[in-house]
Amino acid sequence: MLSPPFLPSSYRSLPPVTQTASPSTAETIAQFDQYVIGNYRRYPVCLVRGEGSLIWDAEGTRYLDFFPGWGCNLVGHCPPRVVEAVREQIGLLIHVPNTWYTEAQGQFAQMLSERSFGGKAFFCNSGAEANEAAIKLARAHGHAAGRTKIVTMEGGFHGRTYAALTATAQPKYHHGFEPMVPGFQYIRHNDLAAADAAVDEGTAAVLVEPIQGEGGVRLPGPGYLEGLRKLCDERGALLILDEVQTGLGRTGTWFAYQNFAIEPDILTCAKALAGGVAAGVMMATNEVAETLKPGMHASTFGGNPIACRAGIATIETIEEDGLLERGKAIGERFRGHFERFREEMPTLVRDIRIMGVMIGMELSEDASAVVAGCLEKRLLINATHGTVIRLLPALNITDAQIDEGCAILGDVLRGLPS
Ligand SMILES: Cc1ncc(COP(=O)(O)O)c(C=O)c1O
């Protein structure tokens, strides 16, 4: 219970906020029903504590988490180095605006630059915000030459703010929010001929996820990203890679593009960027970054010292624990399990798409019953694009945990009504 003297004097006339020490899941759900806007479909579970790939609810039930933090907890729940870094930073400086320099932001920007294409960073707080920045930068860069069009891929996902939402070429997300932002063109994903027809002298940029995440863990076809890069170079357009989901080590390299023979002009990353602390970044080549002058773009909390210290600790964790290599091995262990499922249930398991710890299994039917079945057995997974089981496990998940969860997943798949 909050009470004076902890409240400022101006609040002391208000009734105190009362709360039991540990509310039950049912009590929390009732509170949400009354006070939280219902824009999310939530499972009836209140999570209170996590460690690595394990998480516990308010009643003390343990869950194995194959989808920690919707991809944000790439180094597991409460990674010790990140926890320590945040604890230390919060006692020194919580926030200062970008009118000042801070050591943490400079260090984090250098670490990201050295692990990618040597450009510069603009920090923000989420994936959508990073993509907004990228779209604005691409337009500002091409503006004088009349280049304003942004080409994006069907099935892609770039966020919920207006430009990011417009870039998301999926009508179901636009419905009811029209009119969308002008100047976007959608083309078939993985189709170089479609890109060839769309990218012209009025194109500012092509925006693409190296691996479509929400769109069903869709890997790029052979030569696709290289073909887009070539097309952009030939036509004078920028290539923006949305690595919000694939970024910072998920695919066995720091960024997914490093698995291919290309470099972007602009890259966005969020989710795993700061070990689960809210953070986003847009990185741009030095030449493109020059376009943004003081006053053209900003984010109040972007690059705050807590997020940057958490990001530095995340990179240190991945490096010191050899987690990029481990990520590839984890992906292959899942592949082994999934291939056995496919042999056993060839009609049900349509496709397996894995790169590091970005893992998809396409079924011949709706996958939501599998998510519900796994939840009953205390395994947290995700389904996307209707029929695709998507797993974004942590880089420090153990082999025993992978095997335990895959045994549950196998049981649930076998139990589906045929
Ligand atoms: C590829 C991609 N881009 C952008 C976003 C939006 O990120 P945020 O929810 O942090 O705004 C997401 C979120 O799932 C994503 O997967």
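Residues numbered from 1 in each chain as written. Predicted model: local features only at pLDDT ≥ 70, side-chain atom pairs only at ≥ 80, totals over all residues.

Focus on the site of the ligand
(1) Moving on: Surveying the vicinity of the ligand reveals 14 residues, the closest of which are Ser126, Gly127, Ala128, Gly159 and Val244.
(2) Moving on: It is helix α4 (residues 127-142) that provides the largest number of residues to the shell around the ligand, a total of three residues.
(3) Moving on: Here the shell around the ligand is built from residues that sort into four nonpolar, seven polar and three charged. (Near = placed C-beta within 6 Å. Helix = DSSP H or I, 4+ residues; strand = E, 2+ residues; numbered from the N terminus. Nonpolar A, V, L, I, M, F, W, Y, C, P; charged D, E, K, R; others polar.)

Here we look at the packing of helix α2 (residues 80-90) against helix α10 (residues 305-320)
To characterise two packed helices, one gives the angle between the axes of the helices and the distance between these axes.
(1) Moving on: Between α2 and α10, whose axes approach to 8 Å, the crossing angle comes to 155°. One way to sum up the angle between α2 and α10 is to call them roughly antiparallel. In this structure, α2 crosses over α10, and the sense of that crossing is right-handed. Taken together, the residues of α10 that come into contact with α2 (itself represented by Arg81, Val82, Ala85, Val86, Gln89 and Ile90) are Pro305, Ile306, Arg309, Ala310, Ile312, Ala313, Thr314, Glu316 and Thr317.
(2) Moving on: In terms of residue class, the contact of α2 with α10 is made up of nine nonpolar, three polar and three charged. (Axes fitted to C-alpha atoms, helices over the stretch in contact; angles between N-to-C directions. Parallel < 35°, antiparallel > 145°, perpendicular 65-115°, else oblique. Left-handed = near helix turned anticlockwise from the far one by under 90°. Contact = placed C-beta atoms within 7 Å.)

A short note on the sheet that holds strand β8 (residues 238-242)
(1) Moving on: Ordered in space as β4-β10-β9-β8-β7-β5-β6, the seven strands form an open sheet in which the pairing is mixed. Only two strands of the sheet have a single partner each, and these edge strands are β4 (120-124) and β6 (184-187). Neighbour-to-neighbour, the strand axes of this sheet turn through a mean angle of 20°, independent of strand direction.
(2) Moving on: Strands β4 and β10 (280-284) of the sheet are contacted by helix α3 (residues 103-114), whose axis makes an angle of about 125° with β4. (Pairing = 2+ DSSP bridges.)

Describing unusual backbone geometry
(1) Moving on: In this structure, proline 179 follows glutamate 178 across a cis peptide bond, with omega equal to 5°.
(2) Moving on: Topologically, proline 179 is positioned in the loop between α6 (171-174) and β6.
(3) Moving on: If you check the backbone angles, valine 217 has positive phi at about 50° while not being a glycine.
(4) Moving on: Here valine 217 lies in the loop between β7 (203-208) and α8 (224-235).

Considering the domain arrangement of the protein chain
(1) Moving on: Domain annotation of the protein chain identifies domain 1 (1-72 + 322-418) and domain 2 (82-320).
(2) Moving on: For domain 1 versus domain 2, the distance between C-alpha centres works out to 25 Å.
(3) Moving on: Taken together, the contacts link 20 residues of domain 1 with 19 residues of domain 2.
(4) Moving on: Breaking the side of domain 1 that touches domain 2 down by element, the ones donating at least two residues are α11 (323-344), β11 (349-355), β12 (358-363) and β15 (388-391).
(5) Moving on: Its residues placed into classes, the side of domain 1 that touches domain 2 shows nine nonpolar, seven polar and four charged. (Domains from an automatic or database assignment.)

Side note on α4
(1) Moving on: The terminal C-alpha atoms of α4, which comprises 16 residues, lie 23 Å apart, in line with the 22 Å expected from a rise of 1.5 Å per residue.
(2) Moving on: Where burial is concerned, most of α4 is hidden: 13 out of the 16 residues are buried. (Expected span 1.5 Å × (residues − 1). Buried ≥ 20, exposed ≤ 12 C-beta atoms within 10 Å, placed from the backbone.)

Here we look at the packing of helix α12 (residues 368-376) against helix α13 (residues 399-414)
(1) Moving on: At a closest axis distance of 9 Å, the pairing of α12 and α13 adopts a crossing angle of 130°. Classified by the angle between their axes, α12 and α13 sit oblique to one another. Along this stretch, α12 crosses α13, giving a crossing that reads as right-handed. On α13, the residues that touch Val370, Gly373 and Cys374 of α12 are Ile408, Leu409, Val412 and Leu413.
(2) Moving on: Of the residues contributing to the contact of α12 with α13, the split by class is six nonpolar, one polar and no charged.

Description of the sheet that holds β12
Within a sheet, neighbouring strands are paired by backbone hydrogen bonds and run either parallel or antiparallel to one another.
(1) Moving on: Ordered in space as β11-β12-β15-β14, the four strands form an open sheet in which the pairing is antiparallel. The open sheet has two edge strands, β11 and β14 (382-384), and neither has a second partner. Averaged over all neighbouring strand pairs, the angle between strand axes comes to 25°, with direction disregarded.
(2) Moving on: Pairing geometry for β12 and β15, over four bridges, is antiparallel. From the neighbouring strand, methionine 361 faces β15, where its bridge partner is isoleucine 389.
(3) Moving on: Most of the contacts of α11 go to β11, to which it runs at about 175°, and overall it touches β11, β12 and β15.

Things to note about the pairing of β12
Looking along a regular strand, one sees side chains alternate from face to face of the sheet.
(1) Moving on: Taking burial as the measure, the six residues of β12 include six buried ones, the bulk of the element.
(2) Moving on: Neither face of β12 is left uncovered, since the one carrying Met358, Gly360 and Glu362 and the one carrying Ile359, Met361 and Leu363 both have all their residues buried.
(3) Moving on: Of the pairings in the sheet, the one linking β11 to β12 comprises six bridges and is antiparallel in character. Residue arginine 353 lies in a different strand from β12, and its bridge partner there is glycine 360.
(4) Moving on: The turn linking β11 back onto β12 is made up of two residues, and glycine 356 within it adopts a positive phi angle of 60°.

Here's the deal with the nonpolar core
(1) Moving on: Residues Val206 and Val281 are the most contacted members of the largest nonpolar core, which totals 110 residues.
(2) Moving on: No other element matches the eight residues that α10 contributes to this core.
(3) Moving on: Two domains each provide a minimum of three residues to this core, namely domain 1 (1-72 + 322-418) and domain 2 (82-320).
(4) Moving on: With near-sequence residues (within four places) excluded, valine 206 lies in contact with Val151, Ala195, Val199, Leu228, Cys232, Ala237, Leu239 and Ile240. (Core = buried A, V, L, I, M, F, W, Y, C linked by C-beta atoms within 7 Å.)

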